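# Architecture at a glance
Now for the letters of each chain:
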Amino acid sequence: MEKGGENEQVVSLELLRKKMDDFAKARDWEKYHSPRNLLLAMVGEVGELSEIFQWKGEVAKGLADWKEEEKVHLGEELSDVLLYLVRLSDSCGVDLGKAALRKLELNAIKYPVIKQKDDHCVGDGEHSSGKIKMNEEN
């Protein structure tokens, strides 16, 4: 396996896909892992992730005010969502890495960087469909 840094394992979507596939096969769970079932399980995990933030109000980047056990719990729930997403994409025959890169390219076309005369990127703060609309004035 690839390493990054001293003893740090590089984690790829393919590594996660393979480990999830092996995990399901070893337990004979493949018969339960239809796209619909995986999606519903992932939605349940997103609900559990949401519960962590439910009563916290706005949370600062880095979670400086959080206890270590809260951060560990958050990591576990984020991992559950990721693992179900990887398993779902595999079940649907979608290369998630390639699909994500393609989506980033499409988003770059759909939401181009607009530069002012002084060549700084700006946003006007308006929101459209949940995404920030860039200032279109030059």
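Residues numbered from 1 in each chain as written. Predicted model: local features only at pLDDT ≥ 70, side-chain atom pairs only at ≥ 80, totals over all residues. Heavy atoms only, no water.

Labelled according to an unreviewed UniProt entry, the protein chain appears under the name dCTP pyrophosphatase 1, originating from Arabis alpina. The heading Catalytic activity (unreviewed entry) in the UniProt record of the protein chain holds the text "dCTP + H2O = dCMP + diphosphate + H(+)". (UniProt positions renumbered as here; feature names shortened; annotations may be inferred.)

## Overview of the nonpolar core
Among the nonpolar cores identified, the biggest contains nine residues, and these are Leu38, Met42, Leu49, Ile52, Leu63, Trp66, Leu74, Val81 and Leu88. At the level of elements, α2 (35-53) and α3 (68-91) are the ones that each hand at least two residues to this core. Top element by residues in this core is α2. It accounts for four residues. When residues no more than four places from it in sequence are discounted, the contact partners of Leu49 are Leu74, Glu77, Leu78 and Val81. (Core = buried A, V, L, I, M, F, W, Y, C linked by side-chain atoms within 4.5 Å. Buried < 20%, exposed > 50% of the residue type's maximum accessible area, 1.4 Å probe, protein only. Helix = DSSP H or I, 4+ residues; strand = E, 2+ residues; numbered from the N terminus. Contact = heavy atoms within 4.5 Å.)

## Let's talk about α3
Its 24 residues place the ends of α3 34 Å apart at the C-alpha level, agreeing with the 34 Å of an ideal helix rising 1.5 Å per residue. Within α3, burial applies to Leu74, Glu77, Val81, Val86, Arg87, Leu88 and Ser89. Looking at the buried side of α3, the elements it contacts are α1 (13-26), α2 and α4 (96-110). Looking one or two residues beyond α3, the residue adopting positive phi is Gly93, at roughly 75°. (Expected span 1.5 Å × (residues − 1).)

## Some points on the environment of Cys92
Relative to the helices and strands, Cys92 resides in the loop between α3 and α4. Residue class for Cys92 comes out partly exposed when judged on its relative accessible area of 45%. With 58 residues separating them in the primary sequence, Cys92 and Ser34 have C-alpha atoms 8.7 Å apart.

## A few points about the packing of α2 against α3
Two numbers describe how α2 lies on α3: the axes approach to 9 Å, and their chain directions differ by 160°. With respect to their mutual orientation, α2 and α3 come out roughly antiparallel. Taken as a pair, α2 and α3 cross one another with a handedness that is left-handed. Residues Pro35, Leu38, Leu39, Ala41, Met42, Glu45, Val46, Glu48, Leu49, Ile52 and Phe53 of α2 touch α3, and the partners they reach there are His73, Leu74, Glu77, Leu78, Asp80, Val81, Tyr84, Leu85, Arg87, Leu88 and Ser91. Looking at the contact of α2 with α3 residue by residue, the class counts come to 15 nonpolar, two polar and five charged. (Axes fitted to C-alpha atoms, helices over the stretch in contact; angles between N-to-C directions. Parallel < 35°, antiparallel > 145°, perpendicular 65-115°, else oblique. Left-handed = near helix turned anticlockwise from the far one by under 90°. Nonpolar A, V, L, I, M, F, W, Y, C, P; charged D, E, K, R; others polar.)

## Thoughts on the confidence of the model for the protein chain
Per-residue confidence for the protein chain gives a mean pLDDT of 87, with 80% of residues at or over 70. Confidence, read as mean pLDDT per element, is least for strand β4 (residues 131-134) in the protein chain (48) and greatest for α3 (98). (pLDDT = per-residue confidence, 0-100.)

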